[in-house]
Every structure is written in C-alpha cells, then in structure tokens.
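# Coordinate inspection notes
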Amino acid sequence: MKVSPITDTKQETFEACLRWHLSVVKAIGSRGIIGSYNYLDCFCGEGHYISPNDNKEHEGSPVIFSKAVMADYFPFPINPYFNDKKQEHITQLETRLRFDVDFQEFELFNMDFQDFLNSVHLGRDKKAIYGLVYLDPYKQLTLDELATVRSFLSRYSRIDVMLNFPATSLKRCIGAREKSGYNYSDEYLSIDATLDYLGKKHWWIRLPIQGDKSQWCFLLGSNYEFNGAYRKFNITSLKTEKGREALEHFALTNEQKQNKLQRSFL
Ligand SMILES: C[S@@+](CC[C@H](N)C(=O)[O-])C[C@H]1O[C@@H](n2cnc3c(N)ncnc32)[C@H](O)[C@@H]1O
C-alpha cells in the first residue's frame, strides 16, 4: 500500500488518542457500568504499511489496537470489528493478527464501510455500549457517507468517533463547486459543518504538521468531556484558542485566511 510521509505521524496520533480513549473508558468502567467496548475500524487496511521515511514495515491501526488491548486489563468485554472493502487486505490482516500478533478475538468484514455501519448490531442495552469508530479513508467523506456515520452514532451515543482526512482536497472540492455555482453542501460539508453534523458535543484536534501540503486533519469527537488536552502529541480541545486556530487552518482556504487577516487590520 502506497502511503504519504505523514502516515507515521498519523499512526502516532492514532495510538496516543486510542490509548487515551481506552484509559478514560476504563476509568468509567471501574464504576461497573460498561457492558462492552466496541472498536469499529471502518477502513482497516491490511495491518501494516511500508513507510517512505525509512522503507521499513510499520504497524497499521488494527495491529496498534490489538497490541494496546493485549497490554492492559479491561474489566469489560472488548469487541473489535475490522472492515475493509478489499478482500486481499482482510485476508492479509487475519493472518497477521492471528499468527504474528497472536490476537484471536475479533470479527472481520469485507464490504463498503456504509454497508458495514448500517448492518452491524452491537446489542440492545445502548446505554452500556461504549467504544470508538475509526474512519481513516484516503480521501474526504461525502455528505452521503457522513450521513451513514451520523446515523450510526445517533444509535450509539456512547461510541466516539475518530476521523482522519486530507483537508486540502476537501477545500478543493468545495471551491470547485462554488466556482461553478453548484450548491456544494449537497455533496460535501466543510469541516465546521461536519463537526456539527456528526452531533458529538466535544471535539479534539491534532495541531497542523509543518510542511503537510495535504493538511491531514485528525479529529476525535465524544459526548463525554475528557480532561484537558494531550499536549505531548499535539492534540487539543476545540475549546482552546490553539484548537480553534487549528480548525481554522484546516477549514479556511488561503484566500479566506488572507481576507480574514486583511479585515483584522481595518
Ligand atoms: C488509508 S487506508 C487505512 C489504513 C489503516 N487505518 C492503517 O492504519 O493501516 C484505507 C483503506 O480503506 C479501504 N477502503 C477504501 N474505500 C473503502 C470503502 N468505501 N469501504 C471500506 N474500505 C474502504 C482501502 O482498501 C484501504 O485499505
């Protein structure tokens, strides 16, 4: 799988956020109200990638998740669901998890992620169902795809969401449609609109990476207010000034940034 040089940073951010998330849910779980923790990796890949930075094999999100879970004790069942629409990725992932990592308890799905989220059932007692949906496509999601995510999240309010996508190409899609007089909101949502649309109360963002032309934007949304920020990994709440500045960086085009700067001098 061909990947961008930013992928190593994405994996570090993912691992930090995941461990942070697991530790917060575990703390809630010590009070005994969690029925299960469900991890839904919608675009899971084959479990590894070759980094262009060192030409070495690095772990993909399903392996990072498995190792984080194996390294700790959780007083509730953990249910991992790994989905990818490419059959070959799922086959490779199964071998990797079972034989290389020695991780055995998981379910595999081989379909489009919308069908996966629409069909997966996690149980009846929705208040006891915790977890995380991870969305790591190569591209921005369309409104139709976001609608599926929103519908899933509205069914499971205690399942949080992590999202990683290239903000530059989203801005390009929106810009191209605006120029042609097309109503882009029928097809794509801006980042701010996406956050409102997905319906989570609290959001965290990874600060921009210098020199990242694709502007990979990493977000975590929850209805639960985790404490503070995770500064070591440059992750901060959108309630902080730094968080709001980061969101603007990802949401505004250069032209919009320039106009804003000019207005501030008037
Ligand atoms: C960026 S990679 C995921 C990387 C993975 N999170 C990791 O850390 O290694 C995106 C993956 O999504 C899969 N994919 C692309 N479109 C999809 C779709 N509509 N539904 C499900 N999987 C899809 C691709 O086959 C690819 O394996």
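Residues numbered from 1 in each chain as written. Predicted model: local features only at pLDDT ≥ 70, side-chain atom pairs only at ≥ 80, totals over all residues.

Here we take up the sheet that holds strand S7 (residues 159-166). If you trace the eight strands from one edge of the open sheet to the other, you get S5-S4-S1-S6-S7-S9-S8-S10, paired in mixed fashion. Across the chains shown, the open sheet's two edge strands, defined by having one partner strand only, are strand S5 (107-109) and strand S10 (235-237). Here the strands of the sheet are splayed against their neighbours by 15 degrees on average, with no regard to which way each runs. Where strand S4 (residues 78-83) meets S5, three bridges bridge the pair, whose relative direction is parallel. If you follow Phe82 over to S5, its bridge partner there is Leu108. Strand contacts of helix H2 (residues 61-70): strand S1 (36-41), S4 and strand S6 (129-135), with the helix running at about 160 degrees to S1, the strand carrying the most contacts. (Pairing = 2+ DSSP bridges. Helix = DSSP H or I, 4+ residues; strand = E, 2+ residues; numbered from the N terminus. Axes fitted to C-alpha atoms, helices over the stretch in contact; angles between N-to-C directions. Contact = placed C-beta atoms within 7 Å.)

The next thing to look at is the nonpolar core. Counting 56 residues, the largest nonpolar core has Cys42, Val133, Leu135, Val149, Val161, Met162 and Cys217 as its most contacted members. When near neighbours in sequence (up to four residues on either side) are disregarded, Cys42 contacts Asn83, Phe113, Phe116, Leu117, Val133, Tyr134 and Leu135. (Core = buried A, V, L, I, M, F, W, Y, C linked by C-beta atoms within 7 Å. Buried ≥ 20, exposed ≤ 12 C-beta atoms within 10 Å, placed from the backbone.)

Buried residues dominate S6, accounting for seven of its seven residues. In S6, alternate side chains face the same way, and those of Ile129, Gly131, Val133 and Leu135 on one face and Tyr130, Leu132 and Tyr134 on the other are all buried. Pairing analysis gives six bridges linking S1 to S6, with the strands arranged parallel. The residue of S6 that forms the bridge with Tyr37 is Tyr130. Following the backbone out of S6, through helix H5 (residues 143-155) and into the adjacent parallel S7, one traces a crossover that is right-handed. (Right-handed = clockwise from strand over helix to strand, strands pointing away.)

The terminal C-alpha atoms of H5 lie 18 Å apart, and with 13 residues this matches the ideal 18 Å at 1.5 Å per residue to within 8%. Tucked into the core, H5 has its buried residues touching helix H4 (113-119), S6, S7 and helix H7 (191-198). (Expected span 1.5 Å × (residues − 1).)

A word on the environment of Ser151. Of note, Ser151 is situated in helix H5. For Ser151, a count of 12 C-beta atoms within 10 Å corresponds to the exposed category.

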